[in-house]
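Now for the letters of each chain:
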Amino acid sequence: MSESGLKLDAAAFNAFLQRAFPEGDPASMPEAIEASEGRVLMRQPFSSRQLRPGGVISGPTLMAMADTAAYAAILTHIGEVPLAVTTSLTIHFLRGCKPGDLYAEATLLKLGRRIATVDVLMWTESRERAAAKATVAYAIP
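As the structure is a prediction and not an experimental result, all values here were calculated from the model. (Residues numbered from 1 in each chain as written. Predicted model: local features only at pLDDT ≥ 70, side-chain atom pairs only at ≥ 80, totals over all residues. Heavy atoms only, no water.)

1. Structural notes on the packing of aromatic side chains
Evaluation of the coordinates by the stated rule reveals five aromatic pairs. Ring plane angle 50° and centroid distance 6.2 Å describe the contact between Phe16 and Tyr71, whose orientation is recorded as tilted. With Phe16 in helix α1 (residues 10-20) and Tyr71 in helix α2 (residues 59-78), this pair connects stretches of sequence that are 55 residues apart. As far as the burial class goes, Phe16 and Tyr71 line up, both buried. With 6.1 Å between their ring centres and 15° between their planes, Tyr103 and Trp123 make a pair best called stacked. A residue pair is termed long-range when its members are at least 10 positions apart, and Tyr103 in strand β6 (residues 102-111) and Trp123 in strand β7 (residues 115-123) qualify at 20 residues. Residue Tyr103 is classed as partly exposed on the basis of its relative accessible area, which comes to 23%. Among the aromatic side chains, those forming a connected cluster through ring pairs are Phe13, Phe16, Tyr71 and Tyr138. (Phe/Tyr/Trp six-rings, centres within 6.5 Å; stacked < 30°, edge-to-face > 60°. Helix = DSSP H or I, 4+ residues; strand = E, 2+ residues; numbered from the N terminus. Buried < 20%, exposed > 50% of the residue type's maximum accessible area, 1.4 Å probe, protein only.)

Structural data, given as structure tokens:
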């Protein structure tokens, strides 16, 4: 590992995700593209199946991305702990999320022994034009 404090780098997290969800299509799964101390940047390739009526990326797609990005931020710091589970997810939709690759930046707010809290910002156009912001809490077994 090049970053101190990380148990998994981006590639190791992606490999874990593919093993944990083997039925998923690797070409459409979210992937970690950067992992550093306290932060993970993820990308999910665009698919027309992500759109809701009105031509914007659906809320469920954004919520799934927020959850996956939080999972990545936590597991890159604690290692492969598959039973870490979401305990809460609060999301604020800031603007319609235009079609395109979806990016999420997950920042660890607190990593405790039993609970981790992560802030997730999501966008397609640019980070400055964020489409949604979520706070996700995970229970760590």
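2. What to know about the sheet that holds β7
Sheet architecture is open: six strands sit in the order β1-β2-β6-β7-β8-β5, paired in antiparallel fashion. Bordering the open sheet on either side are β1 (31-36) and β5 (85-93), each of which pairs with just one other strand. This sheet shows a mean twist of 20° between the axes of neighbouring strands, independent of strand direction. Of the strands in this sheet, β1 and β2 (39-44) are in contact with α1, which crosses β1 at around 140°. Sheet strands touched by α2: β1, β2, β5, β6, β7 and β8 (132-139). Its angle to β6, the strand with the most contacts, is close to 50°. (Pairing = 2+ DSSP bridges. Axes fitted to C-alpha atoms, helices over the stretch in contact; angles between N-to-C directions. Contact = heavy atoms within 4.5 Å.)

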